[in-house]
Amino acid sequence: TAGDWIWEVDREGRYTYASGRLEKSLGYHAEEMIGKTPFSLMTKESAQKARAFFKGVMQEKCPFQDFQNWNYHKDGRLVCLSTSGTPVIGRDGELIGYRGIDKDITEQKTEELLLTVRLQLVNDSQQSDSGRLLRSILQKAELITDSQVSFLSSVEDDQQHLLLRAW
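Quantities reported herein were computed from a predicted structural model and do not represent experimental measurements. (Residues numbered from 1 in each chain as written. Predicted model: local features only at pLDDT ≥ 70, side-chain atom pairs only at ≥ 80, totals over all residues. Heavy atoms only, no water.)

Student: Got a minute to help me understand the overall build of the protein chain in this structure?
Tutor: Helix and strand counts for the protein chain come out as 5 helices and 7 strands. Going from the N terminus to the C terminus, the protein chain shows its helices and strands as β-β-α-α-α-β-β-β-α-α-β-β. Counting only residues that meet the buried cut, the protein chain has 38% of its 167 residues in that class. Contacts in the protein chain between residues far apart in sequence, at least 24 positions, make up 40% of those at least 6 positions apart. With the model as given, the accessible surface of the protein chain reaches about 10600 Å², and the carbon-plus-sulfur share is 51%. (Helix = DSSP H or I, 4+ residues; strand = E, 2+ residues; numbered from the N terminus. Buried < 20%, exposed > 50% of the residue type's maximum accessible area, 1.4 Å probe, protein only. Contact = heavy atoms within 4.5 Å. Areas by Shrake-Rupley, 256 points an atom, 1.4 Å probe, with all protein chains shown as cover.)

This is the structure in structure tokens:
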């Protein structure tokens, strides 16, 4: 009945259990995750950070809390998860795996991004170069979303058109 996604991984980081809440968070049935690693759904940047982080955590066999990471929902959209876990240790003292929980914090991270953009616009509203302003905003968006953001700009009939892309 928990509102967040509960999971277990083995010592190689492969899912051995995923609660049904996974479907609400990322769109996958629990059975689809068994045998996969958390990194398989993460953005490239999040996966790199997570691999380094979890390598240290697993070596130390220590709990962790609120590790934020960006993942791809089954429908392709980005979802930010806050991951917490605790080691599962066998009677012999060896690490069996980890048990933990993921909470969807996408809405909170989106609000942070919007606040950052608003502040940037207020701070840089005197700036005459709109391209430089947009690049600055996109750099902040990249930091928050852990992804790369680019834009294409074109002018047609005295109207500027922008296309934003995140990956």
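Student: Would you take a moment to explain helix H3 (residues 44-60) for this structure?
Tutor: Because an α-helix packs 3.6 residues into every turn, residues spaced three or four apart end up facing the same way. A rise of 1.5 Å per residue sets the reference length of H3, with its 17 residues, at 24 Å; its end C-alpha atoms lie 25 Å apart and thus fit the reference within 8%. Considered for burial, the residues of H3 that qualify are Ser46, Ala47, Ala50, Phe54 and Val57. Buried residues in H3, looked at end-on, bunch into an arc of 95°, giving them a common side. Across from the buried face of H3, at angles greater than 90 degrees, the exposed residues are Lys44, Ala52, Lys55, Gln59 and Glu60. (Expected span 1.5 Å × (residues − 1). Arc of directions from axis to C-beta.)

Student: Mind showing me how you'd approach the pairing of strand E2 (residues 15-18) here?
Tutor: A regular strand places its side chains on the two faces of the sheet in alternate fashion. Here strand E1 (residues 5-10) runs beside E2; their pairing, made up of 3 bridges, is antiparallel. Among the inter-strand pairings, valine 9 is bridged to a residue of E2, identified as tyrosine 15. (Pairing = 2+ DSSP bridges.)

Student: For this particular structure, what's the right way to read a nonpolar patch on the surface?
Tutor: A cluster of nonpolar side chains, namely Ile6, Tyr17 and Ile101, defines an oily patch on the protein surface of about 220 Å² accessible area. Looking at the secondary structure, you find isoleucine 6 in strand E1. The partly exposed category is assigned to isoleucine 6, whose relative accessible area is 32%. (Patch = residues over 30% accessible without salt bridge, like charges linked within 9 Å, V, L, I, M, F, W, Y side chains within 5 Å. Salt bridge = Lys/Arg side-chain N within 4 Å of Asp/Glu carboxyl O.)

Student: Would you explain the pattern of salt bridges in this entry?
Tutor: Pairing is possible between side chains that carry opposite charge, provided their charged atoms lie close to one another. A full pass over the atoms with the stated rule returns 6 salt bridges. Between arginine 99 and glutamate 8 there is a salt bridge whose closest N-O contact spans 2.7 Å. Remark: glutamate 8 occurs in strand E1 and arginine 99 occurs in strand E5 (residues 95-104); sequence separation between them is 91 residues. Given the relative accessible area of 25%, glutamate 8 is considered partly exposed. A salt bridge links aspartate 75 to arginine 77, with the shortest nitrogen-to-oxygen separation between them at 3.0 Å. By relative accessible area, arginine 77 is classed as partly exposed at 44%.

Student: It is not clear to me how the nonpolar core should be interpreted in this structure. Could you clarify?
Tutor: Nonpolar side chains in soluble globular proteins tend to end up buried together. Trp5, Trp7, Leu22, Leu26, Phe64 and Tyr98 are the most contacted members of the largest nonpolar core, which has 23 residues in total. Going through the elements one at a time, E1, E2, helix H1 (22-26), helix H2 (30-33), H3, strand E3 (64-72), strand E4 (78-89) and E5 are the ones with two or more residues in this core. Looking at this core element by element, the count peaks at 4 residues for H3. For leucine 22, the residues in contact, after removing those within four places along its chain, are Trp5, Gly27, Tyr28, His29, Ala30 and Met33. (Core = buried A, V, L, I, M, F, W, Y, C linked by side-chain atoms within 4.5 Å.)

Student: Can you help me understand the side chain of asparagine 71 in this one?
Tutor: Mapped onto the secondary structure, asparagine 71 falls in strand E3. Separated by 2.7 Å, the side chains of asparagine 71 and asparagine 69 make a polar contact. Aside from chain neighbours lying at most four places away, what touches asparagine 71 is Leu26, Pro38, Leu41, Met42, Thr43, Arg77, Leu78, Val79 and Leu81. (Polar contact = N/O pair within 3.5 Å; in protein donor to acceptor, adjacent residues only side chain to side chain.)

Note that every value here comes from positions in space, so none of it alone points to a role or purpose.
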